[in-house]
Amino acid sequence: MIELAPKHKYGLPIQHPVMPAAGVFGFGNEYHDLIDETVLGAVVTNPVSLHARKAARGPRFMTHGDHFLVHTGLPNPGLKRVLKEHRATWARRSLPTIVHLIATTPPEVAQAAQLLSGIQGVAGLELGLDDGAEVEAACAFLEAAREGHHPILVRIPFGDIYPLAEALAECGADALTLTAPPRARLPLAPDTEHDTEGLLLAKGRLYGPALMPLLLHQLARWIPRLAVPVVACGGITTTDAARACLELGAAAVQIDAVMWKRPNLLTEIAKELSNE
Amino acid sequence: MIREQVAVFREARPEPPLWWVRFEVSVPPAAGRFMLADLAGPVRIPLFAAAIDPTGFAIMAPPGHPATHLLPGARVAMLGPLGKGFRIENQQRLLVITEAGRLPPLLPLLTSTATTTLVVEAATRARLPSLHRIPPTVELHTITHDGSAGHTGTLEQLLDADSPVRESLRWADCACFSCEPARYPALARSVRRARMHPSADFAQALIEVTMPCGAGACEVCRIQTRSGERRACSDGPVFDLLELDTDG
C-alpha cells in the first residue's frame, strides 16, 4: 500500500503506483472497454471547474516529430453536470478517483471542494495551477481547496517548481504532482487566405518522450527537498521510465497522453511494476 | 464499446491524386465511422472507409500518408469502429453532397440505396475526382467555381438558386454532406430554405477534425452545436446538419 497523503486525517492510500494523468482519461469510463482499472492505483479525472468552460478557439492540436501540442482550453460542463453524469461510475470503482480541479478563483475552488466532499469514490483532489502562479495565490488556492475534507495534491506548472513546490508543501499540500506539461509554441502555416503578416504561433501544452529526461532531472533535484510525497508526471512512456521515477523517490507515476496512442500502456506498466 | 483490432494491410495502389489502400479486419467501419490506426507519429490516425466489404475496408489517402508506406501483410493496431456514422436506413432517395477532396468517406453511401444523386464541388475541372469509383447508377452533378465543368458557382449558390442541385435536395429522403466544417452553418440554412421543416437527421454532415483519442477523453475534437459543445469522436463525427447551424 502506498500512502499519498500521510499527514491527512483520512489519507489517500493506493494499491499500485500507476495512474493516468489529468486530461487524458476522461471523467468516467471512457476507456472502460480497453483498460483493466483494477491494476491502477487511482484514476485522475479530466480537469473540471465549478462552472462550465468552452473549448479554446484556434488550433488545438499540432504535432512536431514525436511530440505534440495540445490546447483545449480545458473545456468541461461544470462540476455539477460532471457529478450528475459520472458520480455513479466513481462510486462503483474499486479504486480511488482523484478529481482534478482547475484553479479558477479561490471562492470557486472552495465551493467545488465542498461539493465534492462526501461524494462516494472520490478520495482526493488534484489542484491544477496556472503557469506563472505566485506563491501567495497558489497557497490561497490550496487553502480554498481544503474547504472540502479531501487530501489535496497540487500539480505544479513545469516552469514554476521553484518557488511553488517547497512553498506549497509548507502551506499544507498533502502531495505534489511534478509536473504539468510545459507550455510551448509551434509556428503555424502562413494564413494566405487572410493575408496576415508576421510569424503565427500555435500555443499549448507539450507532450512527448523528451519530457522524461527533464522530469527525471526535476525529480532528482526536488524530491530530497520536499517533505511531502511526489507524484511524477510527464513523458513516461515505458516501464523503465516509470521505475526510474519511483527509484528517485516518487510515490507514484502518472501516464499522460501516450495512452491515446497505446491505451494498454497504462496497465502494462502497472502490471510490470506490480510484479516486481 | 471501444474495440481493439489488428488489421492486416493488403495493398496500396495509386489512384491519382490519391492512393487506394486496403486493410483486412474483422469488423470494418460503416460509412462515417472511423478506425484509429497506430501507423506513425505520436498519436493514432483516423481512417474513414472509402469501400467496405465483409473482410475489410479501403481508404483513399493522399501521397505520403503513412498507410501508403506499409508492406503487404503488415499488421496495424486499430481502435474501432468508433463514433456515430451516417444513419440512412430505409431511405429510398439519397442525396450526397461533397467537396471533391472530401468525397472518399462518402463513397460507401453511393451503393447503399436504390436512388442516389451525387453533387461534387471543386474549384476547377482538374480538381474533380476520378469517376471510376462512382457507380453508373448514380446521378452525378458537378459544380466548379470557374465553370470549367458542370454547374458554375458554389454549393451554397446552387442550393439557393433555382437549379438541379436545389431540386435534388427537394425530393431527397436524406442528404449527406462532407465539406469544410466552417461551411456547415450556411449549408444548414440553405437546407432549411429548400425544405422548410426538414425532419431530424434529414441532412447529416461529416466533420473531419483531429481526434487524438477517439474515446471522448482528450477534448481536442470539441465542436460547437446548437445544443452546446459536442465531441466529434464520440458524439459524431456525423451530426445532424441543422444542429451545426450555430450562426442562425
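Residues numbered from 1 in each chain as written. Chains lettered and ligands numbered in written order. Predicted model: local features only at pLDDT ≥ 70, side-chain atom pairs only at ≥ 80, totals over all residues. Heavy atoms only, no water.

1. Observations regarding the overall build of chain B
Moving on, step 1. Along chain B, the regular secondary structure elements total 3 helices and 16 strands.
Moving on, step 2. Against the globule reference of 18 Å for 248 residues, chain B gives a C-alpha radius of gyration of 18 Å, in line with a compact fold.
Moving on, step 3. C-alpha extents for chain B along the principal axes are approximately 50 × 40 × 30 Å.
Moving on, step 4. Across chain B, every contact between residues at least 6 apart in sequence was considered, and the portion connecting residues at least 24 apart equals 58%.
Moving on, step 5. By element, 52% of the accessible surface of chain B is carried by carbon and sulfur atoms, the whole surface being about 10000 Å².
Moving on, step 6. Side chains of chain B carry 25 positive and 26 negative charges; the gap between the two charge centres is 2 Å. (Helix = DSSP H or I, 4+ residues; strand = E, 2+ residues; numbered from the N terminus. Rg over C-alpha atoms; globule rule 2.2 N^0.38 Å. Contact = heavy atoms within 4.5 Å. Areas by Shrake-Rupley, 256 points an atom, 1.4 Å probe, with all protein chains shown as cover. Lys, Arg positive; Asp, Glu negative; His and termini not counted. Charge placed at Lys NZ, Arg CZ, Asp CG, Glu CD.)

2. Quick look at the packing of helix 3 (residues 135-145) of chain A against helix 4 (residues 161-171) of chain A
Residues and elements named next belong to chain A.
Moving on, step 1. Between helix 3 and helix 4, the least distance of the axes is 10 Å, while the angle of their chain directions is 40°. Considering the angle they form, helix 3 stands oblique to helix 4. In this structure, helix 3 meets helix 4 at a crossing whose hand is right-handed. Here V135, A138, C139 and L142 of helix 3 lie close against helix 4, whose contacting residues are P163, L164, A167, L168 and C171.
Moving on, step 2. Residue classes in the contact of helix 3 with helix 4 are distributed as 9 nonpolar, no polar and no charged. (Axes fitted to C-alpha atoms, helices over the stretch in contact; angles between N-to-C directions. Parallel < 35°, antiparallel > 145°, perpendicular 65-115°, else oblique. Left-handed = near helix turned anticlockwise from the far one by under 90°. Nonpolar A, V, L, I, M, F, W, Y, C, P; charged D, E, K, R; others polar.)

3. Observations concerning the interface of chain A and chain B
Moving on, step 1. The partner chain B presents 24 residues to the 30 residues of chain A that form the contact.
Moving on, step 2. When chain A packs against chain B, close to 2100 Å² is buried across both sides, 56% of that on carbon and sulfur atoms.
Moving on, step 3. The interface formed by chain A and chain B includes 1 salt bridge.
Moving on, step 4. When the shortest N-O distance is used, the salt bridge between K261(A) and D38(B) registers 2.6 Å.
Moving on, step 5. For the pair chain A and chain B, the number of links is 9 residue pairs in polar contact (both at pLDDT 80 or more).
Moving on, step 6. Those elements that place two or more of their residues in the side of chain A that touches chain B are strand 5 (61-64), strand 6 (67-70) and helix 7 (258-261) of chain A.
Moving on, step 7. It is strand 6 of chain A that contributes the most residues to the side of chain A that touches chain B, 3 residues altogether. (Buried area = accessible area lost by both parts, 1.4 Å probe. Salt bridge = Lys/Arg side-chain N within 4 Å of Asp/Glu carboxyl O. Polar contact = N/O pair within 3.5 Å; in protein donor to acceptor, adjacent residues only side chain to side chain.)

4. A look at the pairing of strand 12 (residues 201-207) of chain A
Residue and element names in this part refer to chain A.
Moving on, step 1. As paired strands, strand 6 and strand 12 are joined by 3 bridges and run antiparallel to one another. When the sheet's bridge partners are listed, F68 is paired in strand 12 with Y207.
Moving on, step 2. Pairing analysis gives 5 bridges linking strand 11 (residues 183-187) to strand 12, with the strands arranged antiparallel. Directly across from R183, in strand 12, lies its bridge partner R205. (Pairing = 2+ DSSP bridges.)

5. Some thoughts on helix 3 (residues 184-195) of chain B
Residues and elements named next belong to chain B.
Moving on, step 1. Along its 12 residues, helix 3 runs 16 Å from first to last C-alpha, staying within 8% of the 16 Å computed at 1.5 Å per residue.
Moving on, step 2. Buried-residue contacts for helix 3 involve helix 1 (155-160), helix 2 (164-171), strand 12 (174-178) and strand 13 (203-206).
Moving on, step 3. Just downstream of helix 3, M196 is the residue with a positive phi angle, here 60°. (Expected span 1.5 Å × (residues − 1).)

6. Quick word on the sheet that holds strand 4 (residues 45-48) of chain B
Pairing between the strands of a sheet comes from backbone hydrogen bonds, and it takes one of two forms, parallel or antiparallel.
Residues and elements named next belong to chain B.
Moving on, step 1. Strand order in the open sheet formed by 7 strands is 4-3-7-1-2-6-5, with antiparallel pairing between adjacent strands. Each edge of the open sheet is held by one strand with a lone partner, namely strand 4 and strand 5 (51-53). Direction aside, the axes of adjacent strands within the sheet are offset by 35° on average.
Moving on, step 2. Across 3 bridges, strand 5 lies against strand 6 (residues 56-61) in antiparallel orientation. Each residue of the ladder has a partner; that of I52, found in strand 6, is F57.

7. Let's talk about the domain arrangement of chain B
Residues and elements named next belong to chain B.
Moving on, step 1. Partitioning chain B into domains gives domain 1 (4-82) and domain 2 (93-244).
Moving on, step 2. In this assembly, 17 residues from domain 1 lie in contact with 16 residues from domain 2.
Moving on, step 3. Between domain 1 and domain 2 lies a buried interface of about 1400 Å² when both sides are counted; carbon and sulfur atoms form 70% of it.
Moving on, step 4. On the domain 1 side of the interface with domain 2, the three residues burying the most area are G32, F34 and F48, jointly 31% of the side's total.
Moving on, step 5. If you look at where domain 1 meets domain 2, you find 1 salt bridge.
Moving on, step 6. With a shortest N-O distance of 2.4 Å, R133 and E15 are connected by a salt bridge.
Moving on, step 7. At the junction of domain 1 with domain 2, the criterion picks out 1 residue pair in polar contact (both at pLDDT 80 or more).
Moving on, step 8. Broken down by secondary-structure element, the contributors of at least two residues to the side of domain 1 that touches domain 2 are strand 1 (4-15), strand 2 (18-24), strand 3 (34-37), strand 4 and strand 5. (Domains from an automatic or database assignment.)

8. Some points on unusual backbone geometry
Moving on, step 1. In this chain, P16(B) is followed by P17(B) through a cis amide linkage whose omega measures 5°.
Moving on, step 2. Checked against the element boundaries, P17(B) lands in the loop between strand 1 and strand 2.
Moving on, step 3. Cis geometry is found at the peptide bond from G236(B) to P237(B), where omega equals 10°.
Moving on, step 4. Residue placement: P237(B) occurs in the loop between strand 15 (228-231) and strand 16 (238-240).
Moving on, step 5. We note that L74(A) has phi near 50°; this positive angle belongs to a residue other than glycine.
Moving on, step 6. Within the secondary structure, L74(A) is located in the loop between strand 6 and helix 1 (79-92).
Moving on, step 7. A positive phi angle, near 70°, is found at D201(B), a position not held by glycine.
Moving on, step 8. As for its position among the elements, D201(B) is in the loop between helix 3 and strand 13.

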